[in-house]
Amino acid sequence: MKIDEVFSPSPIQPREKVLLVNMDKLKNESYIDENVSEKHLRVAINAIQNEIIEKVIGTSLFNQLAQLVCQGTFNQECNLKYKVLMDDYLFRIFVYAVQAELSIPLSFKNRNTGTIQPETDSSARTSISDIKYLNQYYINKADEYIQRTIKFLLCNRSEYPELERCDCSWCSGQLINQLPHTLLNLKVSPHEKTTRRKR
């Protein structure tokens, strides 16, 4: 076998962009107002999927859920375990994490003249301290459901073979060792954590 055959790179397949949660359902079951634009909501959901959900459950299980969404097969009996994970655990993370993600973008607007805080005749301008308070409230609620999800996966690990072949070693280690997760910690890579501790 030639050396270039051994080390020839495999083609990178781009992952199909799919939202794990329905935007209308998210609005109906959260405090997100009906007039929040689809653009804002889509960006926030994508951010939570990539920065939080995938790190909690690992890339393999994340891809499996995304595939079921694309195929529309969540409600099939053979996929009940994935539906339970999505509806009873991950969706609750989305509810609060998305609201935390939206709290800053919805409070400010980026213009070519700079960043401004919108104000209308019918509503008073929200203070920075109030925005921070709401943001932390939603983060705390999301953290609670992150912990519940991890405990659920630990207790039902054998039901999800994707966890065994997860390509995210850090996530697997977190699940096995039951180390604490927080919404903020999940947005920081293990390398960044180590660097911060050394400073």
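Above this note sits the structure.
Residues numbered from 1 in each chain as written. Predicted model: local features only at pLDDT ≥ 70, side-chain atom pairs only at ≥ 80, totals over all residues. Heavy atoms only, no water.

J.: Talk me through the packing of aromatic side chains; I want residue IDs and the actual numbers.
T.: All told, the structure shown has five aromatic pairs when counted by the stated rule. Ring centres of Y96 and Y145 lie 5.9 Å apart, and the angle between their planes is 10 degrees; this geometry places the pair in the stacked category. Residue Y96 is located in helix α5 (residues 80-103), and its partner Y145 is located in helix α6 (residues 128-155); the two are separated by 49 residues in the primary sequence. Like Y96, the residue Y145 is buried in the burial classification. Taking the centre distance of 6.2 Å and the plane angle of 65 degrees together, the rings of F152 and Y160 count as edge-to-face. On the basis of relative accessibility, which here comes to 1%, the residue Y160 falls in the buried class. Through pairs of rings, three or more aromatic residues link up here, namely Y82, Y89, F152 and Y160. (Phe/Tyr/Trp six-rings, centres within 6.5 Å; stacked < 30°, edge-to-face > 60°. Helix = DSSP H or I, 4+ residues; strand = E, 2+ residues; numbered from the N terminus. Buried < 20%, exposed > 50% of the residue type's maximum accessible area, 1.4 Å probe, protein only.)

J.: Tell me about the layout of surface pockets, and name the residues and values.
T.: Space inside the second largest pocket adds up to approximately 270 Å³. What lines the second largest pocket is a set of 15 residues, and nearest its centre among them are L20, V69, F74, M86 and D87. Elements represented by at least two residues in the lining of the second largest pocket include exactly α4 (59-71) and α5. Here the element with the most residues in the lining of the second largest pocket is α5; it accounts for four residues. Looking at the lining of the second largest pocket residue by residue, the class counts come to eight nonpolar, four polar and three charged. (1 Å grid on protein atoms, 1.4 Å probe; cavity = no way out; pocket = protein on both sides within 12 Å on 5 of 7 lines; lining within 4 Å. Points joined across faces, edges and corners; volume = space filled by probe spheres on them. Nonpolar A, V, L, I, M, F, W, Y, C, P; charged D, E, K, R; others polar.)

J.: Can you tell me about α4, naming the residues and giving the values?
T.: If you check α4, its first and last C-alpha atoms are 18 Å apart, about what 13 residues at 1.5 Å a residue would give, namely 18 Å. Those residues of α4 not exposed but buried are T59, S60, L61, F62, Q64, L65, A66 and L68. Check the buried side of α4 and you find it contacts α3 (38-57), α5 and α6. A positive phi of about 70 degrees marks G72, the residue just after α4. (Expected span 1.5 Å × (residues − 1). Contact = heavy atoms within 4.5 Å.)

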